[in-house]
Amino acid sequence: MNEIDVVLSSLGFLSAREKLLLSKNLDSLSALAVLSTSGIEEIIGRGLRVRGFSMKNAVYACMPAFKVIEAKGIGSVRFDDESFPPLLREIADVPYVLYYRGNIGVLSKPCVSVVGTRNACPECARAAAAFARDAAMDGYTVVSGLAKGIDSYAHKGSLSCAGEGFSGAACAVLPCGIDTVVPSVNRALASAILKTDGLLLSECPPGTFVQAFRFVQRNRIIAGLSEAVLVVQSPCSGGALITADFALDFNRDLLFHSSCFCEEALKIERKSVLMEESASRRERVPSAYVRDGALVINDYADFLNAVERQRTDLKMQPELFDGL
């Protein structure tokens, strides 16, 4: 990847394939800097609704990122590269570039994403850590978002078996530049992930500040990296349920841990429902997903059985139509 790709990765109004067209039609950073909006439109073949955009300013804004990438040895992989995670390449809004620190090879292992609320109850925290530990021991890369709560317990669980036949890994997806850890209280956890041959990942160029919409973008990557997404606890309309929605959109297995329905988790859920003003958002709770067909599991062994049963059922479905 070159400096042109760094600049293009910072432009949110273009798709990955449009950025690739621009990259292939430009031979230098200076050529990119003088590209007008009409020039972009001519290359990508559609009109743009952007006001006041200046490619020159975009290039200038990325100058610090060029230096950080070189100074810190930050890796990157473009979506058309062989080493780009194949499952993530399948999603409609595929990231143009993934920036990383650590071992990108962990994404070639089977991945399971574990997500949940920042305000985790003790039972759900233990469930997240235990599931992640067992998954990592069995060779899975456990993917989460390095947030407080369930994410942190999932990462800690996957790291807890290091040196004990540990064959999996931890992958944390960030909602900001790869040179920063959000939240800052998890810097030690991020360091531990790197020390155990894990991975920190982001689609944002170094120096990108965290903003609310970037958490949603981060959640789509968490869902896109894995064949299965496990929600361990979530209040109504929580960020974990946004990841669950992405999992459904991407045709991934969606599961809920039974601890979601423990007494304290349900108490927290009911409080969140009472505080929610939107009627439609009040209905977005884990039990609604289960009523619609999401699986409930008790532990890692149960997860393996549930996923296998579901995939076997899907393979057998065409036989129902034989002879019709």
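Everything discussed here concerns the structure shown above.
Before going into details, it helps to say that this report is about the structure given with it. (Residues numbered from 1 in each chain as written. Predicted model: local features only at pLDDT ≥ 70, side-chain atom pairs only at ≥ 80, totals over all residues. Heavy atoms only, no water.)

Things to note about the overall build of the protein
Per the secondary structure count, the protein includes 15 helices and 9 strands. Taking 324 residues into account, the globule formula puts the C-alpha radius of gyration at 20 Å, and the protein, at 21 Å, falls close to it. With the principal axes as the frame, the protein shows a C-alpha extent of 60 × 55 × 45 Å. Long-range contacts, defined here as pairs at least 24 residues apart, represent 76% of the contacts in the protein between residues at least 6 apart. Of the roughly 15600 Å² that the protein leaves accessible, carbon and sulfur atoms contribute 51%. Mean positive and mean negative side-chain charge positions of the protein (34 and 37 charges, respectively) differ by 8 Å. (Helix = DSSP H or I, 4+ residues; strand = E, 2+ residues; numbered from the N terminus. Rg over C-alpha atoms; globule rule 2.2 N^0.38 Å. Contact = heavy atoms within 4.5 Å. Areas by Shrake-Rupley, 256 points an atom, 1.4 Å probe, with all protein chains shown as cover. Lys, Arg positive; Asp, Glu negative; His and termini not counted. Charge placed at Lys NZ, Arg CZ, Asp CG, Glu CD.)

A few points about the packing of helix 8 (residues 150–159) against helix 9 (residues 187–195)
Between helix 8 and helix 9, the least distance of the axes is 11 Å, while the angle of their chain directions is 35 degrees. Helix 9 is crossed by helix 8, and the crossing has left-handed handedness. Note on element contacts: helix 9 touches helix 8 through Leu189, Ala192 and Ile193, opposite Ser152, His155, Lys156 and Leu159. Looking at the contact of helix 8 with helix 9 residue by residue, the class counts come to 4 nonpolar, 2 polar and 1 charged. (Axes fitted to C-alpha atoms, helices over the stretch in contact; angles between N-to-C directions. Left-handed = near helix turned anticlockwise from the far one by under 90°. Nonpolar A, V, L, I, M, F, W, Y, C, P; charged D, E, K, R; others polar.)

Let's talk about the packing of aromatic side chains
Taken as a whole and judged by the stated rule, the model has 9 aromatic pairs. Considering the side-chain rings of Phe131 and Phe303, the 5.2 Å spacing of their centres and the 90 degrees angle between planes classify their relative orientation as edge-to-face. With Phe131 in helix 7 (residues 122–137) and Phe303 in helix 15 (residues 300–316), the pair connects residues that are 172 residues apart, well separated along the chain. By the ring-pair criterion, three or more aromatic residues cluster together here, those being Phe131, Tyr140, Tyr300 and Phe303. In this arrangement the basic side chain of Lys156 is found over the ring face of Tyr153, its NZ or CZ atom lying 5.7 Å from the centre. (Phe/Tyr/Trp six-rings, centres within 6.5 Å; stacked < 30°, edge-to-face > 60°. Lys NZ or Arg CZ within 6 Å of the ring centre and 35° of its normal.)

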